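For reference, the chains in residue letters:
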Amino acid sequence: MKDRPPIIAPGYTSASVTDKISAVVLRGTPRWWFAAFGAAFLLVMLLLFTLGHLFLRGIGIYGVNIPVGWGWDITNFVWWIGIGHAGTLISAILLLLRQDWRNSINRFAEAMTLFAVACAGIYPVAHLGRPWVLYWLLPYPSTMGVWPQFRSPLVWDVFAVSTYATISLLFWFVGLIPDLATLRDRSRHRFARIVYGILAMGWRGSARHWHNYESAYLMLAGLATPLVVSVHSVVSFDFAVGVVPGWHSTIFPPYFVAGAIFSGFAMVLTLAIPLRALFGLEDFITDRHLQNMAKVMLATGLIVTYGYLIEIFMAWYGDNRYDMYMSVNRMLGPYAFQFWSLIACNVIAPQVLWIKRVRRSPAFLFVIAIVVNIGMWLERYVIIVTSLHRDFLPSSWGMYSGTIWDYSTFLGTIGLFLALMFLFIRFLPMISIFEMRAILPEARAEEVKE
Amino acid sequence: MTRRQPHRLYGMMAEFATPGDLVAAAEAARSAGYRRMDAFTPFPIERLSEALGHRPSRVPMLVLIGGIIGALAGYGLQYWISAVTYPLNVGGRPYNSWPAFIPVTFEVTILIAGIFTVFGMLALNGLPTPYHPVFNVARFALASRDRYFLCIESKDPKFDEAATRAFLADLRPSGVFDVEP
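Everything quoted here is computed from the prediction, not taken from an experiment.

1. Brief notes about the interface of chain A and chain B
Thought 1: Taken together, the 51 residues of chain A in the interface contact 58 residues of chain B.
Thought 2: For the side of chain A that touches chain B, the secondary-structure elements that each account for two or more residues are helix H1 (14-26), helix H5 (153-186), helix H7 (207-240), helix H15 (433-438) and helix H16 (441-449) of chain A.
Thought 3: The element best represented in the side of chain A that touches chain B is H7(A), accounting for 16 residues.
Thought 4: Looking at the side of chain A that touches chain B residue by residue, the class counts come to 26 nonpolar, 15 polar and 10 charged.

This is how it looks when you write it as structure tokens:
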């Protein structure tokens, strides 16, 4: 316990924390930023090009057909939405559990949530076939007199994902208000002062403000905690409520939620490790943070592993020939390579996190995080494709593979995610300044006195 | 700008270097009989609200109201659509299939409660505030960095420019400022 690194390096004061974090935004743009943002922006162009092509030519440009009607699209949708869940976990659940190490990573984890949900949202819409009538998903009094069918998980999904996006945005913005006020007060540029001033809405850090603010923040955390669990449960219902072998399983909701947190923490590490090095923020995002995240990743990875084992066990124990065939087909069929790669990435690779030396090495953690990201993508691919491609009737079996347009959509959303992330770290404080002040020794001294 | 009449001041503000000094000053001001005052800090300090005598926040009540509205609206929407205006037979299930309506009811509950939380908090705080006199004090920009301020408003019945200035100076602040309206 004694050699645990601190959650903030010693010697910082409220002033130096403020200056150091706001300097990232207020000092000029580093040259690498233009290159990095430019590269991401090119991928955004690729995304727009692909979507343009998709809207002109139709869904046929993707590899999906009968029997495999869901392919890369829904894989990517679930992958992105899962990534978002770690942000909510860090900002809401760890707040309720009073884990104050979250204070230096919650802001960009929340931003990650928001951008991941934005990327996820593109897929179901692109996949509609007629995306221009996507408003048919919403209950509104149409002249056709038709309404959504609320017994369908696909309709639940619309409500779950849109609520999640709204609440994540509100939570993120509420967290930003005091920091926007700091930027308004610190920035010397007139235009910046006006923009931050408008966004801060006249926040002045009054005791009365903080009183309501803290209450609202806690309430939002309390609302977001069950919400995040519900969102991935509803996503898993998209599968579990169907009758397809490999989907129709009660383990899906908990197993999906654990997988979401697993992949989300992997993504937080993927972002945090390079960011803290680029901006010299090792004093705020310390090795302790990386180690804690590695531990969460290991724990959720084990839950996911349990999910894989239970799926196989239930297929055998349930004595249903279609389920049994599905399990065998997953392991030995035409997609066996993807299945075993996913096992290598999600089950075997994270086991090195038991070793303390690995948890302490940012470079090693970065590699593991990337491997888990890939593994979790493969997991969704395997669940979707291997279940659909051989279901009940051998006469309607088929094979599936993505097309170049599937790849370009995926690359495009990665570009969109990175471009939004680069804009965020350039214009907004990527670490919550006021929450960092609150964990400083000078603020702590006040609490202890009581 | 010409110096205004003393009674035209918004209030009197004292600056402190540590949160402890500010809490002590707020307690002293309250026991001296001042009521219309506010403190400004770079991060939330729980004891400050007690020291200033603030009542418990009304945000949780708003969240509850929002949640109840959301739950009723969410279920009501589904009931009205599925059982009243557009009854569909889906696999022989009842029109009012309440178990299937739970997920959307839950999501709408959270959505409306969350919106009530955020906009309720902003409304209770009077935000957005396009103009506020405390910003007329140049040093006040540090309230969002590392300084702690206590402001006694001139609306306080006990406020008297000379006496209040002397009172604040007695609390060993690092500065006392007039707050122009």
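After presenting the structure, the write-up continues.
2. Considering the confidence of the model for chain B
Thought 1: Per-chain confidence: chain B averages 90 in pLDDT, with 96% of residues scoring 70 or above.
Thought 2: The complex model carries a pTM of 0.92, and its ipTM stands at 0.92.

3. So, unusual backbone geometry
Thought 1: In this structure, A:Pro67 follows A:Ile66 across a cis peptide bond, with omega equal to 10 degrees.
Thought 2: Topologically, A:Pro67 is positioned in the loop between helix H2 (31-57) and helix H3 (72-96).
Thought 3: B:Pro128 follows B:Leu127 through a cis peptide bond whose omega is -5 degrees.
Thought 4: Note that B:Pro128 resides in the loop between helix H4 (98-124) and strand E3 (148-153).

4. Here's the deal with the packing of H5(A) against H4(B)
Thought 1: Viewed as axis vectors pointing N to C, H5(A) and H4(B) meet at an angle of 20 degrees, and their least axial separation amounts to 9 Å. Judged on the interaxial angle alone, H4(B) and H5(A) are roughly parallel. Considering only the axes of H5(A) and H4(B), their crossing is left-handed. The residues of H4(B) that touch H5(A), namely those facing A:Trp156, A:Phe159, A:Ala160, A:Thr163, A:Thr166, A:Ile167, A:Leu170 and A:Val174, are B:Pro103, B:Val104, B:Glu107, B:Val108, B:Ile110, B:Leu111, B:Gly114 and B:Val118.
Thought 2: Within the contact of H5(A) with H4(B), the residues separate by chemical class into 12 nonpolar, 3 polar and 1 charged.

5. Section: the sheet that holds strand E4 (residues 175-179) of chain B
All names here are of chain B.
Thought 1: The 4 strands lie next to each other as E2-E3-E1-E4, forming an open sheet whose pairing is antiparallel. Two strands in the sheet have a free side with no partner beyond their single neighbour: strand E2 (37-40) and E4. Neighbouring strand axes in the sheet, compared pairwise and without regard to direction, differ in orientation by 20 degrees on average.
Thought 2: Two elements, strand E1 (residues 11-16) and E3, share 6 bridges in a ladder whose sense is antiparallel. Within the sheet, the bridge partner assigned to Glu15 lies in E3 and is Phe149.
Thought 3: Helix-sheet contacts for helix H1 (residues 19-31) involve E1, E2 and E3, and the interaxial angle to E3 is about 20 degrees.

Cut-offs used in this document
Residues numbered from 1 in each chain as written. Chains lettered and ligands numbered in written order. Predicted model: local features only at pLDDT ≥ 70, side-chain atom pairs only at ≥ 80, totals over all residues. Contact = placed C-beta atoms within 7 Å. Helix = DSSP H or I, 4+ residues; strand = E, 2+ residues; numbered from the N terminus. Nonpolar A, V, L, I, M, F, W, Y, C, P; charged D, E, K, R; others polar. pLDDT = per-residue confidence, 0-100. Axes fitted to C-alpha atoms, helices over the stretch in contact; angles between N-to-C directions. Parallel < 35°, antiparallel > 145°, perpendicular 65-115°, else oblique. Left-handed = near helix turned anticlockwise from the far one by under 90°. Pairing = 2+ DSSP bridges.

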